[in-house]
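These are the residues of each chain, in order.
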Amino acid sequence: MKNSKIQYGLKHTIFTLLCVSLFSIITAEAQEPYAFTTQIDLEATPVISQGRTGTCWSFSSTSFLESEIIRLTGKKVDLSEMYTVRNTYPKKLENFVMRQGKSQFSEGGLAHDVLNSVRDYGLVPNDAYSGLFQSETSHNHAELVAVLKAMGETYIVNPARKLSKKWKPATEAVLDIYLGENLTKFTYEGTQYTPESFRDAMKIVPANYITVTSFQHAPFYSEFILNIPDNWSYGSFYNVPLDEMMATLDNALAKGFTVELDCDVSERTFSSKDGVAVIPMNPENNIKALQGVYPERKITQEYRQEEFENFTTTDDHLMHITGTLVDQNGTKYYKVKNSWGTDESRNANGGYVYFSEAYMRLKTISITIHKDAVPTATAKKLNL
């Protein structure tokens, strides 16, 4: 009888220890709701929506320039995204037509397309050129793009096999109808400007901005043309090792420079609704990790390259990095301004998404920054 009690007690103790161990294993991986503490929070203009357009490249890069104007002049200016779009479409269509349809024609673009437009056509405030007519409250470019592309395809397959000289004026006429006539001068806060003089007054010098990336298929510390679909204008990228790209991003934010971001947002682990973007170590936690802390994968240069070359990492979206945060475990996140509006049912954090460091290392296609934000050692290697 005594031995039975001893055996029962021993079994009960072992069972209890097993339960405690199992509970410890489960809770080690259990979901702990995010608790963020802001580290760096640089000034930016309010979050707005790009509407039903594919012009995130203009909205995010314009937001970036608005923060640059704050940094350079102290002025808060609501710049026109659509003035840039209006002046970029003719170049896109020309590229499409002259390459006889063998190039990209879509709503997409990159940060250097905005800087090229600012260089060639200047800047204007949104009050001077909104791209909306009186009865319109949001942007929708579906019909505009369809019309422009159909025109381009018509010119390419012209039975006369001779390109009409009317196609450029026709392009301008379509853009006038859908977005409004172009500007040559306007008045802002009682002063008359041209788009070029306004750009200069805001102290924006397009040549001062560079785009940095990190891929192994091109030599490091060199410039190359990154072959992604939206690089229709064949812009050049400075290539550096992944750790240096991240150090450049961190250096910029620490010195008060915001950063333009081209990235992949097609992953299940990116959620504007939840306001986070992460790379869980265990893919089984992909959805749960949008609402609570889970261990994340270590991102190497090699894994980043592999995911890019197998098209798991793609060029999807451009956004604006304005600061950093840490979670309750001290993990770094980046505060990234989106252009999908502030509707709380679809956008957390007032329209910002918090990117974990792992997500940023893996899913960043490139960053665009002021040259002065590049660390000295990296700048020397790039001959800046």
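Our subject in this report is the structure included herewith. Note that the structure is predicted; figures quoted are calculated from it, not measured.

## Focus: the packing of aromatic side chains
Evaluated as defined, the whole model comprises 18 aromatic pairs. Ring centres 6.1 Å apart and planes at 80° place the aromatic pair Phe270 and Trp340 in the edge-to-face group. Here Phe270 is found in strand 9 (residues 270-271), whereas its partner Trp340 is found in the loop between strand 13 (332-337) and strand 14 (352-356), with 70 residues between them in sequence. Ring pairing ties together the aromatic residues Tyr34, Phe36, Tyr333 and Tyr354, which thus form one cluster.

## Section: the pairing of strand 13
Judged by how many residues are buried, strand 13 sits mostly within the fold: five of six residues are covered. Counting the residues that bridge the hairpin from strand 12 (residues 317-326) to strand 13 gives five residues, and of these Gly330 lies at a positive phi of roughly 85°. Where strand 13 meets strand 14, five bridges bridge the pair, whose relative direction is antiparallel. Note that in strand 14 the partner of Val336 across the bridge is Val353.

## Considering the side chain of His139
In this fold, His139 is placed in the loop between helix 4 (111-121) and helix 5 (142-156). His139 has contacts with Gln50, Gly51, Arg52, Thr53, Phe59, Met82, Ser130, Gly131 and Leu132, leaving out every residue within four places of it along the chain.

## Things to note about the state of the cysteines
Taken as a whole and judged by the stated rule, the model has zero disulfides. Of all cysteine sulfurs in the structure, the one in Cys56 sits closest to Cys263, which takes part in no disulfide; the separation is 8.5 Å.

## Observations regarding helix 9 (residues 301-309)
Taken together, the buried positions of helix 9 are Gln301, Tyr303, Arg304, Gln305, Glu307 and Phe308. Lining the buried residues of helix 9 we find strand 5 (209-213), helix 8 (242-254), helix 10 (357-363) and strand 15 (364-370). Phe311 sits one or two positions beyond helix 9 and adopts a positive phi of about 70°.

Reading the values: the criteria
Residues numbered from 1 in each chain as written. Predicted model: local features only at pLDDT ≥ 70, side-chain atom pairs only at ≥ 80, totals over all residues. Heavy atoms only, no water. Phe/Tyr/Trp six-rings, centres within 6.5 Å; stacked < 30°, edge-to-face > 60°. Helix = DSSP H or I, 4+ residues; strand = E, 2+ residues; numbered from the N terminus. Buried < 20%, exposed > 50% of the residue type's maximum accessible area, 1.4 Å probe, protein only. Pairing = 2+ DSSP bridges. Contact = heavy atoms within 4.5 Å. Disulfide = S-S within 2.5 Å.

None of this, on its own, says anything about what the molecule does.
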